[in-house]
Amino acid sequence: MSTLFWYDWAGFAGVVLVLLAFLLLQAHKLHGNGLTYQLMNVLGALGVALSLLFGSFNASAFALEVAWMAIGIFGIVRSARRRQAERASLPDL
């Protein structure tokens, strides 16, 4: 049996996070634009990317994970800006 290194565990954890995020989205337990969903995707993609960088590199899979992280970060920033704009438009009490 082969030894699993830290980057293998990071990859497995990343896969679990991404799949769990998708399952929870489909089960209507998370919202697609929610911070939890986006963070699960970004951290999951990071784990898989680390496993590719330090383990067996696969350029197409790495490109997918980088894009997955970028889209998740975009979603986090967009939601944060929207919340900030909504707070700014509230009347002072």
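Residues numbered from 1 in each chain as written. Predicted model: local features only at pLDDT ≥ 70, side-chain atom pairs only at ≥ 80, totals over all residues. Heavy atoms only, no water.

Participant: Explain unusual backbone geometry to me, and be specific about the residues and the numbers.
Facilitator: A positive phi angle is found at His28, which is not glycine, with a value near 60°. Locating His28 in the fold gives a position in the loop between α1 (6-26) and α2 (35-54). Classification of His28 by relative accessible area gives exposed; the value is 73%. (Helix = DSSP H or I, 4+ residues; strand = E, 2+ residues; numbered from the N terminus. Buried < 20%, exposed > 50% of the residue type's maximum accessible area, 1.4 Å probe, protein only.)

Participant: Please provide a residue-by-residue account of the packing of aromatic side chains, values included.
Facilitator: A full pass over the atoms with the stated rule returns five aromatic pairs. Ring geometry for Trp9 and Phe12: centres 6.2 Å apart, planes at 65°, overall edge-to-face. Placement of the pair is Trp9 and Phe12 together in helix α1, with a separation of three residues, close to one helical turn. (Phe/Tyr/Trp six-rings, centres within 6.5 Å; stacked < 30°, edge-to-face > 60°.)

Participant: I'd love a proper account of the environment of Glu86, names of residues and values included.
Facilitator: Summarising the element assignment, Glu86 is placed in helix α3 (residues 59-89). Classification of Glu86 as partly exposed rests on a relative accessible area of 45%. In this structure, the C-alpha to C-alpha distance between Glu86 and Asn33, residues 53 residues apart in sequence, is 15 Å.

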